[in-house]
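For reference, the chains in residue letters:
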Amino acid sequence: MTNSPTILVFDSGLGGLTVLREVVAARPDAHYVYVADDAFFPYGHHSEDEIIARVVPLMGELIGTHDPDLVVIACNTASTLVLSHLRAVYSVPFVGTVPAIKPACAHSKSRRVSVLGTKGTVKREYTRALIRDFAQGCEVTLVGSPELASLAERALGGDTISDGAILAELSPCFVGDPADAGARTDTVVLACTHYPLLLERLTRLAPWPVDWIDPAPAIARRVSDLLGSHIGGIVQSGAEMIFTSNRVHGLGAALTPFFGGRVPA
Ligand code: DGL
């Protein structure tokens with residue numbers, strides 16, 4: 001690859017920005033196209049057939065328009081379902097985002113791990129298989145959150161979200177004896193890319209301290225390995241932000257940290 005590579009980062013909405021910021025930090029030499037399929041948000045409320053029928057042809061259009069060198073599916077709800085379909089149809093390399101169950105279970109000392117994702121992600125056979133293969137004897141609690149992705153999206157857009165609304169989605173993650181650190185949840189997998197947007201509030205509202213597992217840094221390392229060495233001399237390339245609804249977003253400066261300080265066109 002002799003020119004600056006183009007990386008297309010795809011999510012149902014703004015959650016994939018939490019993956020984008022890690023990838024941009026790892027690969028400042030790349031050009032970025034971030035696509036939010038907000039016209040179909042939230043994916044967690046759609047059936048598996050609807051998501052496959054939406055994402056596979058849409059990705060074909062996006063690849064045709066932007067000619068990426070690599071695509072990151074920065075969405076657990078989509079990755080746990082469509083990655084195999086995409087790889088069967090398109091030759092561009094895809095990097096997915098799937099629940100980090102293996103590292104979480106390896107990390108947990110109390111052997112109690114919760115997986116916080118959309119209702120779609122926790123229902124998937126893909127997620128169930130990860131637990132069968134990698135729970136390593138841990139008790140894994142699946143928590144399908146109906147609203148947390150939408151709440152995160154609204155918070156990034158500047159809306160005030162009450163603690164109670166967040167806590168209602170978060171509470172089922174905390175199981176076991178609250179008074180015994182050895183017999184209660186100590187690790188929570190952030191299995192939706194929207195949730196790290198709320199990390200400070202999740203940490204503050206948690207009934208007891210836990211470790212939050214966000215796979216974004218591991219995804220960035222995988223992207224960088226696949227792309228190969230940096231292009232010498234190029235410090236930064238450009239960035240684009242696309243909403244499938246064609247809406248004009250009012251996010252302004254809130255976006256630039258996710259793009260490594262670039263202002264997306
Ligand atoms: N960001 C998506 C994920 O990682 C989900 C949000 C949605 O329901 O669309 O699962």
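Residues numbered from 1 in each chain as written. Predicted model: local features only at pLDDT ≥ 70, side-chain atom pairs only at ≥ 80, totals over all residues. Heavy atoms only, no water.

*Asks:* Outline the side chain of T187, listing residues and values.
*Replies:* Structurally, T187 is set in strand β7 (residues 187-190). Taking relative accessible area as the criterion, T187 reaches 0% and is therefore assigned buried. Polar side-chain contacts of T187 include one of 2.8 Å to the side chain of D186. When neighbours within four sequence positions are excluded, T187 is seen to be in contact with A104, H107, S108, R112, V113, S114, V210, D211 and I213. (Helix = DSSP H or I, 4+ residues; strand = E, 2+ residues; numbered from the N terminus. Buried < 20%, exposed > 50% of the residue type's maximum accessible area, 1.4 Å probe, protein only. Polar contact = N/O pair within 3.5 Å; in protein donor to acceptor, adjacent residues only side chain to side chain. Contact = heavy atoms within 4.5 Å.)

*Asks:* Describe the site of the ligand, with residues and values.
*Replies:* In the vicinity of the ligand, 14 residues are found, and the nearest of them are S12, Y43, N76, T77 and H194. At a separation of 2.5 Å, an oxygen atom of the ligand approaches a polar side-chain atom of T77. One nitrogen or oxygen atom from the main chain of T193 is found 2.8 Å from an oxygen atom belonging to the ligand. Burial of the ligand by the surrounding chains reaches 99%, relative to a free accessible area of 300 Å². (Near = heavy atom within 4 Å. Areas by Shrake-Rupley, 256 points an atom, 1.4 Å probe, with all protein chains shown as cover.)

*Asks:* Talk me through the UniProt feature "binding site: substrate" (unreviewed entry) in the chain; I want residue IDs and the actual numbers.
*Replies:* Listed under "binding site: substrate" (unreviewed entry) in the UniProt record, and renumbered for this structure, are D11, S12, Y43, G44, N76, T77, T193 and H194. Considering the C-alpha atoms alone, the annotated residues occupy 184 residues of sequence yet fold into one spot, their largest mutual distance being 12.1 Å. Tracing the chain through its elements places Y43 in the loop between β2 (31-36) and α2 (48-66). Once residues lying within four places of it in the same chain are set aside, the contact partners of Y43 are F10, S12, D37, I51, R54, V55, C75, T77 and A78. Structurally, G44 is set in the loop between β2 and α2. With a relative accessible area of 15%, G44 lands in the buried category. Those residues in contact with G44, other than ones at most four positions away along the chain, are T77, T118, K119 and G120. (UniProt positions renumbered as here; feature names shortened; annotations may be inferred.)

*Asks:* Please provide a residue-by-residue account of α2, values included.
*Replies:* For α2, which comprises 19 residues, the first-to-last C-alpha distance of 26 Å matches the rise-based estimate of 27 Å (1.5 Å per residue) to within 8%. Restricting attention to buried positions, one finds in α2 the residues I51, V55, V56, L58, M59, L62, I63 and H66. Against the buried residues of α2 lie β1 (6-11), β2, β3 (70-73), α3 (76-89), β4 (94-96) and β9 (239-243). Backbone geometry just after α2 places D67 at a positive phi near 45°. (Expected span 1.5 Å × (residues − 1).)

*Asks:* Report on the pattern of salt bridges, specifying residues and quantitative values.
*Replies:* Evaluated as defined, the whole model comprises nine salt bridges. For R247, the salt bridge is made with D38, and the minimal N-O distance between the two is 2.9 Å. Of the two residues, R247 is situated in the segment after β9 and D38 in the loop between β2 and α2; the sequence distance between them amounts to 209 residues. Since its relative accessible area comes to 14%, D38 is described here as buried. (Salt bridge = Lys/Arg side-chain N within 4 Å of Asp/Glu carboxyl O.)

*Asks:* I'd like a description of the sheet that holds β7, backed by residues and values.
*Replies:* Read across the sheet, four strands follow the order β6-β5-β7-β8 without closing on themselves; strand pairing throughout is parallel. Each edge of the open sheet is held by one strand with a lone partner, namely β6 (139-145) and β8 (211-213). If you compare each strand with its neighbour and ignore which way they point, the axes differ by 25° on average. (Pairing = 2+ DSSP bridges. Axes fitted to C-alpha atoms, helices over the stretch in contact; angles between N-to-C directions.)

*Asks:* Quick rundown of the packing of aromatic side chains? Include the residues and the values.
*Replies:* Taken as a whole, this structure holds three aromatic pairs when the rule is applied. Between F174 and W208, the ring centres sit 5.3 Å apart and the planes meet at 85°, which makes this aromatic pair edge-to-face. With F174 in the loop between α8 (163-170) and β7 and W208 in the loop between α9 (199-205) and β8, this residue pair connects regions lying 34 residues apart in the sequence. W208 sits in the buried class, given a relative accessible area of 8%. The ring of F243 carries R247 above its face, with NZ or CZ at 4.2 Å from the centroid. (Phe/Tyr/Trp six-rings, centres within 6.5 Å; stacked < 30°, edge-to-face > 60°. Lys NZ or Arg CZ within 6 Å of the ring centre and 35° of its normal.)

*Asks:* Just give me the short version of the UniProt feature "active site" (unreviewed entry) in the chain, but keep the residues and values in it.
*Replies:* The sites that carry the UniProt feature "active site" (unreviewed entry) are, in the present numbering, C75 and C192. Over a stretch of 118 residues, the named residues converge on one spot in the fold, their C-alpha atoms separated by at most 6.5 Å. Within the fold, C75 resides in the loop between β3 and α3. Sequence-distant contacts of C75, defined by excluding residues within four places in its chain, comprise F10, D11, S12, Y43, T97 and T193.

*Asks:* Lay out the side chain of T127 with the relevant residues and their values.
*Replies:* Examined against the element boundaries, T127 turns out to sit in helix α6 (residues 125-134). You can call T127 buried: its relative accessible area is 0%. Other than its neighbours up to four places away in sequence, T127 contacts T80, P99, I101, T121 and L142.

*Asks:* So what's going on with the pairing of β2? Residues and values would help.
*Replies:* Counting buried positions along β2 yields six of six residues, so the element is predominantly enclosed. Residues H31, V33 and V35 point to one face of β2 and Y32, Y34 and A36 to the other, with burial holding for every one of them. Of the pairings in the sheet, the one linking β1 to β2 comprises six bridges and is parallel in character. Its bridge partner being in β2, T6 is matched across the sheet by H31. Read as a crossover between parallel neighbours, the route from β1 over helix α1 (residues 17-26) to β2 is right-handed. (Right-handed = clockwise from strand over helix to strand, strands pointing away.)

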